[in-house]
Amino acid sequence: GESARSLTSLGNLLELENDVQSFSGAQMSARRQRSVSTFLMEYWQERPLLLRNALPELTTREKCKELIITPDELAGLALDPDAQSRLVLQHGERNFELRNGPFTEDTFAQLPSENYTLLVNEVNRHVPEIAALQAHFAFVPNWRVDDIMVSYAAKGGGIGPHVDNYDVFLVQAAGSRRWRFSSRKLAVAEERLIPNISVSVLDGGFDVEFDVTLFAGDVLYIPPRCPHWGIAEQDDSCLTYSVGFRAPRYSELLLGFADHVTDLVASNAHPRYKDGQSKAGAAQQADFYRDDARDLQLNFTEPGRITKDVIARARAEMLQLLQSTADNGDEHNDLFLRWFGQAVSEPKRFRQGNEFSSYMLSDIEAEKLSEALVSSMNAGSHRFGSAATESVELRVAEAVVVAYVDCADSNVLVYVNGVEYQLGQWARPLVSRLSWVARTGSPFELSDLVSTDDIGSDESRERNSELGAFLKWLLTQGMLIV
């Protein structure tokens, strides 16, 4: 296979510029667009890519203070019950021990000096500066974002040779880590794990194709199912940020959509069984198979027989129930489209349901604030009336997924953490820009998202009302923060 040197020579192929200020991929530099296009066509989900010094800000002292979480800070986060944390200790070549957090200070005081790794998931939800790194990878859709995991490894620390089912950019934030990996994807049937241990480690490892060491600012992209193995060989405060992108399993999509359709049928809410779209009584029997009298009449002497006509009829009925689009092609009645948007924008990790409670505003507070925001935009001002002197800074809450679908009628279906919200054609620029700032948690003002061309004219009273209602909803849910 390729040598490590030839792999390294591709280091400048993908330029990881920070796109957060542009709010739009269309405003990317032409050079950046070419590099992203080449990467997506030739490497994404296909083969690994090493990017030397892709994030030079990680080597700059002042910038590092914003982007680097220290090992002690990471350990402090692992004490938090709201953080998903793990410790992996290696006791010999084939013995890995997994411990799950939250941990105590005594846990870390009793750790050995070598051969362990601390991993904390969703650090982007807890540390806004880490979330800002997502801007470098915003060429991957929001609905594919998983999290940014941060791992600290003492000398000799690692989690063994393994495969992942997701795309990951391994960002070396501090220190160094040796990575051995292969571009040959390992099929599930080929995966053999060391038995009787709590960590998924490949038994016998894998055929190493590349062997490289990453230093601060280097990035290694690993596609799904490509085996890899990272180990800290030096005592140099090794910190790695794993920027992960998870794809849904088709089996999960199938089961989820089937459950959704079943619920609609049971409640007579399926488009097929709405008034005017079914025979009399069909709605009441929507979830029952209906016999074909002619088939029964032709085969009543053989009660044990299941005829091909019965099988074909049952198959056709089930497929018709799962048919995603209503007969008129109206996207607002497209069952799969609307379910898919909600399903893939839901948080991909465990949620207790109260993550945003501290940010939630009451209906009265949210209505007053949203009305003031819209009024200030109409007046061409960023202020709350004449008495206010400062602009209002907003921020989308941590790890909120914002995605949207453009409809044929030019309306927009917006999906925020699994909840659908419908907006008119005017809102297309708004939701596009909102999805950018949500990706990175960057602060913004309403004027950054909505220009005076979007709202404020005599003909836009309805738009102003719709915008105010949308802002109020986000504020009451705690997903938009003042």
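Because the structure is predicted, anything quoted here is derived from the model rather than measured. (Residues numbered from 1 in each chain as written. Predicted model: local features only at pLDDT ≥ 70, side-chain atom pairs only at ≥ 80, totals over all residues. Heavy atoms only, no water.)

1. Focus on unusual backbone geometry
Then step 1. Across the junction of Gly-101 and Pro-102, the peptide omega takes the value 5°, indicating a cis bond.
Then step 2. The residue Pro-102 is located in the loop between strand 3 (96-100) and helix 5 (105-109) in this model.
Then step 3. Non-glycine residue Asn-417 carries a positive phi angle of around 50°.
Then step 4. Mapping Asn-417 onto the fold places it in the loop between strand 14 (412-416) and strand 15 (419-423). (Helix = DSSP H or I, 4+ residues; strand = E, 2+ residues; numbered from the N terminus.)

2. Brief notes about the sheet that holds strand 3
Then step 1. Spatially, 1-9-6-11-5-4-2-3 is the arrangement adopted by the eight strands of the open sheet, whose pairing is antiparallel. Looking at the sheet topology across the chains shown, the edges are occupied by strand 1 (49-51) and strand 3. On average, each strand axis in the sheet is tilted by 20° relative to the strand beside it, whichever way the strands run.
Then step 2. Bridge analysis of strand 2 (residues 85-90) against strand 4 (residues 116-120) gives five bridges, and the strand direction is antiparallel. Looking at strand 4, one finds that Val-88 is bridged to Thr-117. (Pairing = 2+ DSSP bridges. Axes fitted to C-alpha atoms, helices over the stretch in contact; angles between N-to-C directions.)

3. Examining the confidence of the model for the protein
Then step 1. With 81% of its residues at a pLDDT of at least 70, the protein reaches an overall mean of 83.
Then step 2. Note on residues 1-12: pLDDT is under 50 here. Beyond four places in sequence and across chains, it has 22 contacts.
Then step 3. Confidence drops under pLDDT 50 across residues 18-26; counting only partners more than four residues distant or on other chains, this segment forms 19 contacts. (pLDDT = per-residue confidence, 0-100. Contact = heavy atoms within 4.5 Å.)

4. Focus: the sheet that holds strand 7 (residues 176-181)
Then step 1. Pairing is antiparallel across the open sheet formed by three strands, whose spatial order is 8-7-10. Edge positions in the sheet fall to strand 8 (210-215) and strand 10 (228-231), since each has one partner strand and no second. Ignoring which end each strand starts from, the neighbouring axes of this sheet average 20° apart.
Then step 2. Sheet topology places strand 7 next to strand 8; six bridges connect them, and they run antiparallel. If you follow Arg-178 over to strand 8, its bridge partner there is Thr-213.

5. Some words on helix 8 (residues 250-266)
Then step 1. Spanning 17 residues, helix 8 covers 24 Å between terminal C-alpha atoms, matching the ideal 24 Å at 1.5 Å per step.
Then step 2. Residues of helix 8 that are buried include every one of Leu-253, Phe-257, Val-261, Leu-264 and Val-265, and no others. In an axial view of helix 8, the angular spread of the buried residues amounts to 95°, which keeps them on one side of the axis. Opposite the packed face of helix 8, turned more than 90 degrees from it, sit the exposed residues Leu-255, Asp-263 and Ala-266.
Then step 3. For helix 8, the elements touching its buried residues are helix 10 (308-322) and helix 11 (335-345). (Expected span 1.5 Å × (residues − 1). Buried < 20%, exposed > 50% of the residue type's maximum accessible area, 1.4 Å probe, protein only. Arc of directions from axis to C-beta.)

6. Details of the packing of helix 8 against helix 11
Then step 1. Helix 11 packs onto helix 8 with a crossing angle of 120° between their chain directions and a minimal axis gap of 11 Å. Classified by the angle between their axes, helix 8 and helix 11 sit oblique to one another. Note on packing geometry: the crossing formed by helix 8 with helix 11 is right-handed. Two secondary-structure elements touch here, helix 8 through Leu-253, Gly-256, Phe-257, His-260 and Leu-264 and helix 11 through Leu-335, Phe-336, Trp-339 and Phe-340.
Then step 2. Classifying every residue of the contact of helix 8 with helix 11 by side-chain character gives seven nonpolar, two polar and no charged. (Parallel < 35°, antiparallel > 145°, perpendicular 65-115°, else oblique. Left-handed = near helix turned anticlockwise from the far one by under 90°. Nonpolar A, V, L, I, M, F, W, Y, C, P; charged D, E, K, R; others polar.)

7. Topic: the nonpolar core
Then step 1. In terms of nonpolar packing, the biggest core is built from 45 residues, with Leu-74, Val-123, Phe-169 and Tyr-241 touching the most fellow members.
Then step 2. If near-sequence neighbours (up to four positions away) are discounted, Val-123 is found in contact with Ile-69, Leu-74, Leu-77, Ile-130, Ile-148 and Val-150.
Then step 3. Counting residues in hydrophobic clusters, the runner-up holds 37 residues, among them Ala-366, Val-400, Leu-423 and Leu-434. (Core = buried A, V, L, I, M, F, W, Y, C linked by side-chain atoms within 4.5 Å.)

8. A word on the packing of aromatic side chains
Both the distance between ring centres and the angle between the ring planes are used here to describe each pair of aromatic rings.
Then step 1. The tally for this structure, following the rule as stated, stands at 23 aromatic pairs.
Then step 2. Measuring from centroid to centroid gives 6.3 Å for Trp-44 and Phe-169, while their planes differ by 20°, and the two rings are stacked. In this pair, Trp-44 sits in the loop between helix 2 (30-42) and strand 1 while Phe-169 sits in strand 6 (residues 167-174), placing the two residues 125 residues apart along the sequence. Each of the two residues, Trp-44 as well as Phe-169, counts as buried.
Then step 3. Members of the aromatic cluster, each reached through a chain of ring pairs, are Phe-39, Tyr-43, Trp-44, Phe-137, Phe-139, Phe-169, Tyr-221 and Phe-245.
Then step 4. The ring of Trp-229 carries the charged tip of Arg-180 above its face, separated from the ring centre by 4.2 Å. (Phe/Tyr/Trp six-rings, centres within 6.5 Å; stacked < 30°, edge-to-face > 60°. Lys NZ or Arg CZ within 6 Å of the ring centre and 35° of its normal.)

9. Side note on helix 2
Then step 1. Compared with the 18 Å implied by 1.5 Å per residue over 13 residues, the 18 Å span of helix 2 between its first and last C-alpha is a close match.
Then step 2. Buried within helix 2 we find Arg-32, Ser-35, Val-36 and Phe-39. Around the axis of helix 2, the buried residues are gathered within 95° of arc, so they sit on the same side. Exposed positions of helix 2 whose direction lies more than 90 degrees from the buried face are Arg-34 and Met-41.
Then step 3. Buried residues along helix 2 sit against strand 1, strand 6 and strand 9 (219-222).

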